[in-house]
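Structural overview
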Amino acid sequence: GAVVSQHPSWVICKSGTSVKIECRSLDFQATTMFWYRQFPKQSLMLMATSNEGSKATYEQGVEKDKFLINHASLTLSTLTVTSAHPEDSSFYICSAHRGRMNTEAFFGQGTRLTVV
Amino acid sequence: AQKITQTQPGMFVQEKEAVTLDCTYDTSDPSYGLFWYKQPSSGEMIFLIYQGSYDQQNATEGRYSLNFQKARKSANLVISASQLGDSAMYFCAMRGEDDKIIFGKGTRLHILP
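Because the structure is a prediction, the values reported are computed rather than measured.

1. Quick word on the nonpolar core
In this structure, V4, F28, W35, F67, L79, Y92 and L113 of chain A are the most contacted members of the largest nonpolar core, which totals 26 residues. Among the secondary structure elements, those contributing two or more residues to this core are strand 2 (10-13), strand 3 (19-25), strand 4 (32-38), strand 5 (45-51), strand 7 (67-73), strand 8 (76-81), strand 9 (90-97) and strand 11 (111-115) of chain A. Excluding its chain neighbours within four sequence positions, the residues that come into contact with F67 of chain A are R37, M47, Y58, V62, L79, T80, V81, D88 and Y92 of chain A. In terms of nonpolar packing, the next biggest core, distinct from the first, is built from 25 residues, Y32, L34, L66 and I111 of chain B among them.

2. What about the pattern of salt bridges?
Inspection of the entire model under this criterion finds 6 salt bridges over all chains. Across the pair D88 of chain A and K66 of chain A runs a salt bridge whose closest N-O atoms are separated by 2.7 Å. With a gap of 22 residues between them, D88 of chain A in the loop between strand 8 and strand 9 and K66 of chain A in the loop between strand 6 (57-58) and strand 7 connect regions that are remote in the sequence. Salt-bridge contacts for D86 of chain B lead to R63 of chain B; the nearest nitrogen and oxygen are separated by 2.8 Å. Taken together, the residues D86 of chain B in the loop between strand 9 (74-79) and strand 10 (88-95) and R63 of chain B in the loop between strand 7 (60-61) and strand 8 (64-69) connect sequence positions 23 residues apart. Residue classification places D86 of chain B among the buried residues on the basis of a relative accessible area of 2%.

3. A closer look at the state of the cysteines
A covalent bond between the sulfur atoms of two cysteines is what we call a disulfide. Residue and element names in this part refer to chain A. Overall, the coordinates contain 2 disulfides over all chains when judged by the stated rule. Note on cysteine connectivity: C23 is disulfide-linked to C94, with sulfurs 2.0 Å apart. Between C23 and C94, the disulfide has an S-S torsion of 85° and is therefore right-handed. Pair noted here: C23 is in strand 3 and C94 is in strand 9, with a separation of 71 residues, a long-range link.

4. A short note on the sheet that holds strand 3 of chain A
Residue and element names in this part refer to chain A. The 4 strands are arranged 1-3-8-7 in an open sheet whose pairing can be described as antiparallel. Taken across any chain shown, the strands that pair with only one partner, and hence form the sheet edges, are strand 1 (4-7) and strand 7. Neighbour-to-neighbour, the strand axes of the sheet open up by a mean angle of 15°, direction not taken into account. When strand 7 meets strand 8, the two strands line up antiparallel, connected through 5 bridges. Looking across to strand 8, one finds that I69 is bridged to L79.

What counts as what
- Residues numbered from 1 in each chain as written.
- Chains lettered and ligands numbered in written order.
- Predicted model: local features only at pLDDT ≥ 70, side-chain atom pairs only at ≥ 80, totals over all residues.
- Heavy atoms only, no water.
- Core = buried A, V, L, I, M, F, W, Y, C linked by side-chain atoms within 4.5 Å.
- Buried < 20%, exposed > 50% of the residue type's maximum accessible area, 1.4 Å probe, protein only.
- Helix = DSSP H or I, 4+ residues; strand = E, 2+ residues; numbered from the N terminus.
- Contact = heavy atoms within 4.5 Å.
- Salt bridge = Lys/Arg side-chain N within 4 Å of Asp/Glu carboxyl O.
- Disulfide = S-S within 2.5 Å.
- Pairing = 2+ DSSP bridges.
- Axes fitted to C-alpha atoms, helices over the stretch in contact; angles between N-to-C directions.

Structure follows, in structure tokens:
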């Protein structure tokens, strides 16, 4: 079964509204989670690293005020797309690692966001 | 800076043939991990195989094997006896000492009946 669960799997929202996406590690504690964005026919681009109990660290070019990340517990990270616009429409996917430098990197099912 | 390069945007392969998907990488980290993921049209990332930088032997998982050539910084994926269900997008990825995983641009594999 899924080790990392992401919700919702798809969402349609109006321009100007905010959307929250949840990423949960189901059977392990994750002090760090990662958020990616994938445009159609493109690769996964790392947006930010979510750190439990502290601020997220964002990759270059990612607006931290636009993409709010909260990692309030060891099993939950949330990504909020604020004041969404059509250009924010994309596939968002999270990941969590159960250990370091090994094979245990798990991805959520992804969230397809459409802003109309 | 770390980088993953996949030079094959798309490939067409006859069913039951073997296929090799190319991947080269660049990193200054002494320790790193290399992954291959399959992404079908549903979007989920399906883990296929992992190779640690200090692993002496090439990784194998069923029909998947990773041809790891450390000196050349390449980590090609070999799929033996391809099946129609193998049609998907394939991503090579690397995990560095900062724990981040970065991805190549991917290769779209089409298996022909």
